[in-house]
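# Examination of the molecular architecture
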Amino acid sequence: MSTTASRSAGTRLGSVAPRLIAPLALAVVLLLFGALSPVFLTGDNLLAVLAQSALLGIVAMGLTFAVRAGGIDLSVGVALDLGALGASGLISDGWVPWVAVAGGLFLGLLVGLVNAFLVVVARIPPFLATLGVWFIGTSVQQLMTSGGAPIYLSASRVPDGFAVLGRGRVLGVDSAVFFLLVVVVVAALLLGATRWGRRLTLSGEQARAARLVGLHVKRLTVSAYVLSALVAAFAGVLLASRSNGFVPGSGQGYLLDAIGAVFIGSTLSRHGRASPAGTLVGVVLFGLLGNGMNLMGLSFFWQGLGRGVILLLVLLLGVLLSRSRKPRAASLPPGMVGGLAALAPGKATSETGGERAASGTEHTAPAIDHDDAAPRQEVPTA
Amino acid sequence: MTKAFGPTEVLHGVDLAVGAGEVVALVGENGAGKSTLIKILTGLYTPDGGSVRMDGAAVEIGRPQDAERLGIHVIHQERHQAGRLSVGEQLYLGLPTGSSAWRSRRATARRAERDIFEATGQRVPGRALISELTVAQRQLVQITRAVLARPRVLILDEPTAPLSAEEVDQLFATLGTLRAAGVGIVYISHYLQEVTRVADRVEVLRNGANAGSVDLTSTSQADAAARIVELMVGGAVEEFEEGVPAVVPDTAPALVADGVALGGVLEPLDLAVHPGEIVGVTGLVGSGVEAVADLLTRARRGPGTVRLHGRRVRDVSAFVAARGAYVPADRREDGVLGNHSVAQNLSAAMLGRLGRWPGLLSPSAERRAAREMVSRLDVRPASTAALAGTLSGGNQQKVVLGRWLAAGSTVLVLDQPTSGVDIASRAQIYATLRALAATGAALVVVTVDLEELVGLVDRALVLHRGAVAAELSRERLSIDTVLAIASGGKDTPVDSGLREPTESQEVPA
Amino acid sequence: MTATIAPGNAPAARTVPEPAVRRAGILRWSGYGVLLVVVLGFSVGAPAFLTSGNVSTILAQASVYAIAGTGFTFVVATGGDDVLRGGIDLSVGATAGLAGTVVAVLAAAGTGTLAALAAGLGAALAVGAVNGAVVVAGLRPLLATLATMGVASSLDLVISSNVKTPLDGALYDYLREGSVAGVPASVALLIVVALVATWALHKTSWGVNSFATGDSATAARVAGLPVARYTWTSYVLCSGLAGVAGILLASRLSASVPGIGTQILLDIILVSTMSAVFSSRLLVSVPGTVLSAVFVAALSNGLTLLGVASQWVGAAKGVLILVVLAAVALRGRKSS
């Protein structure tokens, strides 16, 4: 019996609609605040938005790697903080800039390696593993600063080489923006144009299938977590340079927005994938939103509320709209009668230990009820 | 007491009658209509015509709940049970059980043990977790749950596939208890030897219609088995292009599996495949055939060794690196990369070769290679940019195969290569496989599709309950023979070579 | 028609049965073992550790986390510990903070105690309702609750104007300092909550159904359980209890502290995750959570008594969570 994919006009719309949410939200924000505030849409303001969002953008780029690999990294804030801590500490101890940068990055590397070990070797789910590292990282910061004391670098003692990283201007733009763009371009190239990027994407989406094609899924995952932490640490170094020092816990604020940006960005993709470009859109969306609310005089706290609500709405809409999409594989063979969904609407790639153990020898069983499709395999042909 | 008479496009006027305390076996090949019939009886499908009658009166079965209320219960193959619940908890899950205000684990466990014993005559520890039970025990929990609802008709779908011989005996004892209680039983199975043991009557379906029935109270078991096969297969077996038997040059084998096994599922298996050979592996579900492909390609580790071109291979990436290819059974999850384009699928196994600069991927080279493969394999639609997940099963499989052709694989292991594939694509795939073998590739085809097996392979290993029951050369390969051996005919010696047919295999064609 | 000898199209190799979660022999008692060792260690090192006054302090300190953790336990039980689908509520901390803030701000504005409490709990329940609805709609709990966490913590800041609001009132003072039959009021509250929750989750069929839903949604559906309803309810319960914990916390601190939600989040997750270590089935449980909360409180208390600096306590907790995760993962995998 042949199984053919069936597409209708409704499906086509259904597959495009979720991708429009983020651009639509962006447009709404631009129009709304553009109308409400005369300053909003000026070039200067927009550049300022970019500068303010630059560090978030860099962190979010790193996170994009982890999400692309099929996981998540909740410890980016820690990596950022340790990067800032390392750099500030070394500068204040009199080391030359490049050593300070290397030191900060090195701490980030450690975080990435720990994450990678926990996820790949200990096989702890990425969420829990990076959550644990987040927790420990906060304590480590406390320890390394003897109880949470910030490091202040007096402007005179900071070498130019270091100061220019965060507060200089490169090619006419804020150095932070410059670095953001560099990171975006590099990330986009890595993910889009290299074999590594392709392999990472394949492993992140269908780890089993990728393994069967011969890919070294574990190694790829390690590289993703290391990169995520390194990039976040780099943002931390820039932060230390920009704010002339290090304040413990400053990385926390980036996490929520970075995750939000990455996932909002993934709604843009035809494949639902996280991507540097999408993440950038998400970052810009948050940046514009915050800036707009600022210009309107809304306090900082309302801004957080606004960001949270927007994130929730965008994600929710994305999920609701993509549920009306046809499932990825073939539809029912002709002649099947009865309200029976042959295929699960989503990937059921992991099961709880209990379910897996209890299934025993599986066969393509008849679906159990009308509403939810239990089997992941195709319906037996008659 | 139950009679179903239902034509749809899949079923054409099928009759089935089950009396109280009667065991009726429902037998037929895949595609014969058994599942559809059962789905009608249990309310998952609505028949286009015909009726279901209980005790002579017509009944409406619109939803699964209706069927259950009428007393029709199914024991599915897939036991949807929560592993970390205890036996008692899973047994009574969702059932109204009097006072729910205070639940004592011990009391629940004791009650469960009692209920299970009453229903099935077997003992299952009530405090054990579902995940700690054997498959047979889990089945008993399933059965008890159905029995608690006082069924009139109990349908068992392939109940013995995962069971050992003793467990099968225990199950039959349970069925005896149920019969004595007046429950009508519909027993669906491919294990003909067991069917002839336990059933009163066998209904054979073929092509969506009744092919005939065999009354076991008046026929000997052996005769009955023969007659059943006759009815199942029927006269007209589809025309299958006979392949030219491969000329096996006197070269070293390309794939050597030595003692490959999986605890509790597959006994140590030895296999040597030479370049140009197509070797088949088959068996009933539960014979261990499902594990063979994973084990041969080292997707699943285990005892024994696998060598490709003499090199020992320990995991899948080594297998692939040694020019191996794996086309897995679960195309959707493990084979096709659904969220990637056709071109990206085709290049997945040869990314290393697609670009001039180190590390970089050349999209144009990828597209070129993809276009070539798409036209060579006649993938439809002929677009390299289409999302692979939107292709039909047949075209998806061609893409998966194409990926390995592009990579230049010389040893291919294919698991159910044409399941869910339309006829036209199937023919194309077979042609491709034969061409591959002709150029010197070594192929292992694991399949439960007997026509495919018989028409495609040079020799076949037939598995039964975890061990190789026979190895058949092309001359002796026929659907009846394989079916008989796989179903566990008496006197099936474990073969490692080719020999004369034994008595139990002389089944009239 | 093709002749095949097996039903179904693709009996995937995955169908080969995998071994189960076995009740690992010695490891099963590892949780209690560690607890015992730590308690003994502390009582030897610091004589003041096991005095009734100190134990009382420990229990009181544990109460907030135990109550919030109990709510979290409902979510994990009903959602399962699956990576993708898994039940988790990142907004518990923020919700607790929000509830405390609402009560404090209203109390400071002169609203009656009952009304203030109702408003605080109402706010918490509202967050839970949103969480549940969004998760049922299909959004991953991780993402959904991350977003609501942002919303709730922002609301917290907005309502309090980022100002620490003192909380005065008979009830709150009582919760902080009062006692019932010699037991501190907060501990009494904890005991009540724990008993009710334990009964609900472990002694009723509703509880079994919740666990079933978390273990295998398919099995639950096959058994006829309304999975969506159970899921939604678990999130509402979680946030509701978070609200209670938040009000208790504000009472103990005599003020609502903006942003305290983020600080207690990790502790809440820690105690709920640790809960599984005490279970032979590696399932979370209310008693396990309460025990974990007491353990963590005892750990901090003991270390402080021994003169260890506070940042090391934080590090110890961090290491603890990873050790627990590894142990749980190890036990779960030991049999595969």
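The structure under discussion appears in the preceding block.
Scope of this entry: the structure provided in the associated data block. (Residues numbered from 1 in each chain as written. Chains lettered and ligands numbered in written order. Predicted model: local features only at pLDDT ≥ 70, side-chain atom pairs only at ≥ 80, totals over all residues. Heavy atoms only, no water.)

## Overview of a positive patch on the surface
Residue and element names in this part refer to chain B. A contiguous patch of positive charge on the surface is contributed by Arg105, Arg106, Arg110, Arg111, Arg114 and Arg127. Locating arginine 106 in the fold gives a position in helix H4 (residues 105-120). The class for arginine 106 is exposed, based on a relative accessible area of 59%. (Patch = residues over 30% accessible without salt bridge, like charges linked within 9 Å, V, L, I, M, F, W, Y side chains within 5 Å. Areas by Shrake-Rupley, 256 points an atom, 1.4 Å probe, with all protein chains shown as cover. Salt bridge = Lys/Arg side-chain N within 4 Å of Asp/Glu carboxyl O. Lys, Arg positive; Asp, Glu negative; His and termini not counted. Charge placed at Lys NZ, Arg CZ, Asp CG, Glu CD. Helix = DSSP H or I, 4+ residues; strand = E, 2+ residues; numbered from the N terminus. Buried < 20%, exposed > 50% of the residue type's maximum accessible area, 1.4 Å probe, protein only.)

## Re the nonpolar core
Among the nonpolar cores identified, the biggest contains 175 residues, and Ile58, Phe127, Phe162 and Ile259 of chain A together with Leu90 and Met274 of chain C are the most heavily contacted of them. Those residues in contact with methionine 274 of chain C, other than ones at most four positions away along the chain, are Ser292, Phe295, Val296, Leu320 and Val324 of chain C. Counting 145 residues, the second largest nonpolar core, distinct from the first, contains Val213 of chain A together with Val285, Val316 and Ile485 of chain B. (Core = buried A, V, L, I, M, F, W, Y, C linked by side-chain atoms within 4.5 Å. Contact = heavy atoms within 4.5 Å.)

## Quick word on unusual backbone geometry
Following arginine 380 of chain B, the chain continues into proline 381 of chain B via a peptide bond in cis, with omega recorded as 0 degrees. Tracing the backbone through its elements, the reader meets proline 381 of chain B in the loop between helix H13 (363-377) and helix H14 (393-407). Phi is positive for arginine 123 of chain A, which is not a glycine, with a value near 55 degrees. As for its position among the elements, arginine 123 of chain A is in the loop between helix H4 (97-121) and helix H5 (126-144).

## Examining the packing of H5 of chain A against helix H11 (residues 260-274) of chain C
Close contact between H5 of chain A and H11 of chain C brings their axes to 11 Å; oriented N to C, the two are set at 130 degrees. Relative to H11 of chain C, the element H5 of chain A is oriented oblique. The two elements H5 of chain A and H11 of chain C meet at a crossing, and its hand is left-handed. Taken together, the residues of H11 of chain C that come into contact with H5 of chain A (itself represented by Leu131, Trp134 and Phe135 of chain A) are Leu266, Asp267, Ile269 and Leu270 of chain C. Tallied by class, the residues present in the contact of H5 of chain A with H11 of chain C amount to six nonpolar, no polar and one charged. (Axes fitted to C-alpha atoms, helices over the stretch in contact; angles between N-to-C directions. Parallel < 35°, antiparallel > 145°, perpendicular 65-115°, else oblique. Left-handed = near helix turned anticlockwise from the far one by under 90°. Nonpolar A, V, L, I, M, F, W, Y, C, P; charged D, E, K, R; others polar.)

## Side note on the pairing of strand S19 (residues 459-464) of chain B
All names here are of chain B. The element S19 is largely enclosed, with a buried count of five among its six residues. Bridge count for strand S13 (residues 278-283) against S19 is five bridges, and the pairing is parallel. If you follow valine 281 over to S19, its bridge partner there is leucine 461. Summarising the sheet, S19 and strand S20 (residues 467-473) pair through six bridges and their orientation is antiparallel. Across the sheet, residue leucine 461 finds its bridge partner in S20, namely glutamate 471. Counting the residues in the hairpin turn of S19 and S20 gives two residues, including arginine 465, whose phi is positive at 45 degrees. (Pairing = 2+ DSSP bridges.)

## Notes on the pattern of salt bridges
A full pass over the atoms with the stated rule returns 20 salt bridges over all chains. Its salt-bridge partner being aspartate 174 of chain A, residue arginine 242 of chain A comes within 3.3 Å of it at the nearest N-O pair. With arginine 242 of chain A in helix H10 (residues 217-243) and aspartate 174 of chain A in strand S3 (residues 173-174), the pair connects residues that are 68 residues apart, well separated along the chain. Of the residues examined, aspartate 174 of chain A reaches a relative accessible area of 17% and is grouped as buried. For aspartate 458 of chain B, the salt bridge is made with arginine 474 of chain B, and the minimal N-O distance between the two is 3.1 Å. With aspartate 458 of chain B in the loop between helix H16 (450-456) and S19 and arginine 474 of chain B in the loop between S20 and helix H17 (479-486), this pair connects stretches of sequence that are 16 residues apart. Look at arginine 474 of chain B and you get buried, because its relative accessible area is 15%. When salt bridges with common partners are traced through the structure, they connect Arg208 of chain A together with Glu333 and Asp334 of chain B into a single cluster.

Spatial relationships are all this shows, so hold off on functional conclusions.
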